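Secondary and tertiary structure notes
What follows is the residue order along each chain.
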Amino acid sequence: QKKIVIIGAGVVGCSTAYYLNKMGQRDVTVIEQGPLFETGGSTSHAPGLVFQVSFSKVLTTLASQTVETFKSLSTDAQRSFYSVGSLEVAHTSDRLEDLKRKAGVASSWGIDAFVLSPEECCEKSPLINRDNIYGGLYVPSDGIAKPLNAVDQMTSFSKSCDTKFYGNTEVTNIEVVDGQVKAVETSAGKFEADLIICCAGFWGPHIGEMVGVTIPLQPMAHQYVFTNELEELAEEEEEVTMPLIRQQDSSIYFRQVFNGLGIGSYQHRPLPVELNEITKYGEAKEMPSVKAFTPEDFEKPWQDATEFIPSLKQAGIKKGINGIFSFTPDGMPLLGESQKVRGFWVAEAIWVTHSAGVARQMAEWIVNGAPTVDLELCDINRFDTYAQSPDYYKPRSIENYEKVYDIHHPSMPPETSRNIRVSPYYMRQKTLGAYFNEKNGWEQPQWYEANDSLVSVYEKTILKRKGWAAKYWSPIIEAEQLHTRQHIGLYDVTATKKRLEIKGDGVVEFLQQLTTSNIDIPIGHAINTLMLHELAGIKDEIKVIRKATSAFHVLCTGPVEASWIQKQLSASSQVVIQDVTAETCSLCVIGLKAKEMLQSLDSDVFVENKWTSQSAKELLIGNIPVLAVYNSYAGMDSWELSTTNDQGLQLWDLLFETGRPYKLIAAGDRALEALRIESFTLRSSKDFWSEHDPYEIGLDHMIDLNKPTFIGRKALIDRKEKGPKLILVTLILDNPTVVVMGYEPVFSKEKVVGFVTSAGYSYSLGKGIVYALLFPENVNEEATLDVEYFGKTYTAQVMKDSTVVI
Ligand code: FAD
């Protein structure tokens, strides 16, 4: 039993206490600065619309778990959830296309969703004006949550499990000893704690400051109005019977509130709020989370609303608020234990929609050591140091607010907080006309306009893309992919991995415990291996390079994985982990002519037969110290050459000059991704994540069960015995002109049997290929499956012997 203190009794704090109690924790205390349970936080006035489906799998799962919880709590006497369904209405053809794509991901994530005609939309909601409607998306299982009723029901249960709730008690400080939380200091005294969970809503940053942890969220004011009675609803006795509606092309949403409507708007200018502007409970007439309504910001949304629901004109607005809630730089919640302070957990920036799902996963994470849903994208440790600056996260969070109802293309670059991290090659890349996107703060070239002339060279082969697939795309990407196959591409891979130096006494034992393979390899060798969490889900696929007897260089996917590695280190360990990402830069030389070119630099070092996929050598290229790691990529040689930032530019220039006779080009990240997919190479976090075990993904070759111990070993043996829940396969699309984008549903005889992870085009096969996670019973090599893309289905075959590479 852990001594757990939760800060905040909004829907998130109360749901978390509920799930901790359900999982047997009996020493839980909840501390709230406002009165219980209408605390004055965002939950107190949340209208509770629950639209479950989003393009994010994790958010959709958290939402459907919330619906499940709220429905299970709901009684006739006290409703926690009204299953009235939801309708998203398209007023443009682009929006309708987006809704078709959304219906596809709904199927992928296991939720029923139907694309409706304009007439069917009006049948579902007779209030709306048929004019200018292109169609809609209907999700029957969506509805209205009543968070305060759910809180009441959940807290009754928690109190029966001895949880104590303290209202009107403000947390003023947190005591930390040797990097571990010890107690919470409050206006009513001190509460000892092994573990603190910060569920303080938009006040979270203030609590984070008490322990030196940045909680990168921006409180935003958001407009919500109540209308007077509508003629059509005059007879209504129930609070809600009609579906909730989104009219995203005007950035507004609607719900019924007895005889009137509640209308929310994201259309207004952004209204960020600073924490020091927020009143304390009792200091003002309104709750702390409500600011005065600014009617001028609601003029245009109201005009749009009355055109869409004409009877609103007659009804008029009864009252409005500018309510406050949290936005983050990537639109995702902030969850988990901070790497900086042991025992300091956060559950922040969470909508009512995801609240109980988050709470369930947090409880599993705390009690079992890992959640069952992969929460990497929500992990509080996903932000590197640069992203913890308000200069970064405030503008980006505001941008997210403004774009919340926009049509989001997965390749759309963000506009704010750019040019923060650049590799030493940046100026050369700009000169070559690089089109940049951002990843982990780095500017990453997607393709180079300088390669435009290659489009005509490869014109006959290049697959032309249309519609959605042609957005944020250029035929240059395909030309770079094809040119690499025939000649050489030079790829900047500085931003693709986190790089750690791990060394010291006991380092071999530490890494053995962390990984599934025997990493006691010779110096100058490399191995790809897996890290599992306690429940045998794949935490990451990493590359371990041995540089000396007690020194390793490790490449992992990102900050979350790096912080997880750090967390496994015991306080008494002699092992030291140093993050060298910022001071290292890397170039990948890939292509048919790569070996010949590098041999021209140093024929002794780059001679044939000396390099295998286990090779990793420290060498000098000219006067540049380089760590060279060999790989075979898309059937071609590839070397990743890393050096320190000070000599990075020199390496670029040297390789460029040497490569000239071999037709070397600088090529972008999109061509590299296309080559990865074409060469059946899987990517951690994209094709598999911590919900999957290595047997499901076909990564058995990375498991050495002869190793007596490693994290997740016992659970792995159990999972192996139980057999896979999903398995990863390669599918080839029959129609050679079709490419899909990822996350599309896969059907067998009109039944959903899985979904696409990565998708691309194989020039060697002349067809689109996808990786898909499917239910094992549907993986029949003879079977024809269907991949749905924007409402159309395309037949695909399971590829025989699709060797998975990693
Ligand atoms: P809160 O409810 O704010 O709870 C945090 C609690 O922590 C507060 O009670 C606060 O008093 C307490 N606290 C803070 N600091 C301290 C301290 N130092 N000591 C003790 N206690 C402290 N979401 C949806 O899903 N659907 C919607 O339709 C929807 N509509 C919305 C409309 C509006 C106008 C607004 C403002 C929000 C809306 N939201 C909606 C968002 C949703 O309301 C919030 O995201 C959610 O309620 C947050 O819950 P919470 O428990 O994290 O935060």
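Residues numbered from 1 in each chain as written. Predicted model: local features only at pLDDT ≥ 70, side-chain atom pairs only at ≥ 80, totals over all residues. Heavy atoms only, no water.

**Thoughts on the domain arrangement of the protein**
The test is simple: Domain delimitation follows an automatic or database domain assignment. Should any heavy atoms of two residues lie within 4.5 Å, those residues are considered in contact. Buried area: the accessible surface (1.4 Å probe) lost by two parts on joining, summed over both. Whenever a nitrogen or oxygen atom comes within 3.5 Å of another N or O atom, the pair is scored as a polar contact, on the condition that within protein one atom can donate a hydrogen and the other can accept it, and that pairs from neighbouring residues in sequence are kept only if both atoms are in side chains. Each helix is a run of DSSP H or I of at least 4 residues and each strand a run of E of at least 2, with the numbering of both proceeding from the N terminus. Under the convention adopted here, Pro, Cys and the residues Ala, Val, Leu, Ile, Met, Phe, Trp and Tyr are nonpolar, Asp, Glu, Lys and Arg are charged, and Gly plus all remaining residues are polar.
When cut into domains, the protein gives domain 1 (4-202 + 217-327), domain 2 (421-495 + 584-685), domain 3 (498-579) and domain 4 (726-798). Centre-to-centre separation of domain 1 and domain 4, based on C-alpha positions: 36 Å. Every contact between the two is made by nine residues of domain 1 and, on the other side, nine residues of domain 4. With both chains or domains summed, domain 1 and domain 4 bury close to 750 Å², and 71% of this area falls on carbon and sulfur atoms. On inspection of domain 1 and its partner domain 4, the count reaches one residue pair in polar contact (both at pLDDT 80 or more). A per-element tally of the side of domain 1 that touches domain 4 places helix α3 (residues 93-108) first, with seven residues. Residue composition of the side of domain 1 that touches domain 4, by class: two nonpolar, three polar and four charged.

**Observations regarding the packing of helix α13 (residues 475-486) against helix α18 (residues 669-678)**
Each pair of packed helices can be described by the angle between their axes along with the distance between the axes. In plain terms, the rule: All axes are obtained by fitting lines to C-alpha atoms, using only the stretch in contact for helices, and the reported angles, taken between N-to-C directions, cover 0 to 180 degrees. Working rule for angles: under 35 degrees goes down as roughly parallel, over 145 as roughly antiparallel, 65 to 115 as roughly perpendicular, anything else as oblique. Definitions for this section: a left-handed crossing has its near helix turned counterclockwise from the far helix by less than a right angle. A right-handed crossing has that turn clockwise.
Two numbers describe how α13 lies on α18: the axes approach to 8 Å, and their chain directions differ by 60°. In terms of their interaxial angle, α13 and α18 are classed as oblique. Crossing angle aside, the handedness with which α13 passes α18 is right-handed. Every residue of α18 that contacts α13 at I477, E480, Q481, T484 and R485 is listed here: R670, A671, A674, L675 and E678. For the contact of α13 with α18, the residue count by class is four nonpolar, two polar and four charged.

**Quick word on the packing of aromatic side chains**
Using the following cut-off: Note on ring pairs: Phe, Tyr and Trp rings are taken, using the six-membered ring of Trp, and paired if centres are within 6.5 Å. Classes follow the plane angle, with under 30 degrees stacked, over 60 edge-to-face and the rest tilted. Only protein chains enter the calculation, and the probe is 1.4 Å; a residue is then buried if its accessible area is under 20% of its type maximum, exposed if over 50%, and partly exposed in between.
One pass over the structure, following the stated rule, counts 32 aromatic pairs. Between W109 and F755, the aromatic rings sit 5.2 Å apart at their centres with planes inclined by 80°, giving edge-to-face as the arrangement. Of this pair, W109 sits in the loop between α3 and β6 (114-116) while F755 sits in strand β37 (residues 751-762), placing them 646 residues apart in sequence. For W109, a relative accessible area of 13% translates into the label buried. What makes F755 buried here is its relative accessible area of 5%. With centroids separated by 5.5 Å and ring planes inclined at 20°, the aromatic side chains of W652 and F656 adopt a geometry described as stacked.

**With respect to the pattern of salt bridges**
Our working definition: What counts as a salt bridge is simple: a side-chain nitrogen of Lys or Arg found within 4 Å of a carboxyl oxygen of Asp or Glu.
Counting across every chain of the model gives 41 salt bridges. Here R418 and E443 are joined by a salt bridge, their closest N and O atoms 2.6 Å apart. On the criterion of sequence distance, the pair formed by R418 in the loop between α10 (390-402) and α11 (426-431) and E443 in strand β23 (residues 442-448) is long-range, its members being 25 residues apart. With relative accessibility at 4%, the residue E443 sits in the buried group. Several salt bridges share partner residues, and in doing so they unite D384, R421, K498 and D579 into one network.

**A short note on α18**
Burial runs high along α18: seven of the 10 residues are buried. Of all the positions in α18, only A671, L672, A674, L675, R676, I677 and E678 are classed as buried. Phi for F680, located one or two positions after α18, is positive at around 55°.

**A few points about the site of the ligand**
Inclusion rule: We call a residue near a molecule or strand whenever a single non-hydrogen atom of that residue lies within 4 Å of it.
For the ligand, the set of nearby residues contains 34 residues, the closest of which are E32, T39, T43, I350 and T353. Those elements giving two or more residues to the shell around the ligand turn out to be α1 (11-22), β14 (218-227), β19 (317-327) and α9 (352-368). Of the residues belonging to the shell around the ligand, the class tally is 18 nonpolar, 14 polar and two charged.

**Comments concerning the sheet that holds strand β31 (residues 616-621)**
Here is the rule we go by: Any two strands between which DSSP finds at least two bridges are classified as paired.
With respect to topology, six strands assemble into an open sheet ordered β31-β32-β33-β30-β24-β34, the strand pairing being mixed. Unpaired on one side and paired on the other, β31 and β34 (664-667) mark the two borders of the sheet. In this sheet, adjacent strand axes meet at a mean angle of 30° when their direction is disregarded. Across four bridges, strand β24 (residues 488-492) lies against strand β30 (residues 584-591) in antiparallel orientation.

**Some thoughts on helix α17 (residues 645-659)**
The periodicity of an α-helix, 3.6 residues per turn, causes residues three or four positions apart to be oriented the same way. Note the threshold: What a helix should span is 1.5 Å times the count of its residues minus one.
Taking 1.5 Å per residue, 15 residues should reach 21 Å; α17 reaches 21 Å between its end C-alpha atoms and fits that length. Of the residues making up α17, those classed as buried are Q647, G648, L651, W652, L655, F656, T658 and G659.

**Description of the pairing of strand β38 (residues 767-774)**
For β38, the buried fraction is high: seven of the eight residues fall into the buried class. Of the strand pairs in this sheet, strand β35 (residues 727-733) and β38 are connected by six bridges, and their pairing is antiparallel. In the strand pairing of β38, I732 is matched with I769. The sheet contact formed by β37 and β38 spans seven bridges and is antiparallel. Bridge assignment links F755 to a residue of β38, and that residue is L773.

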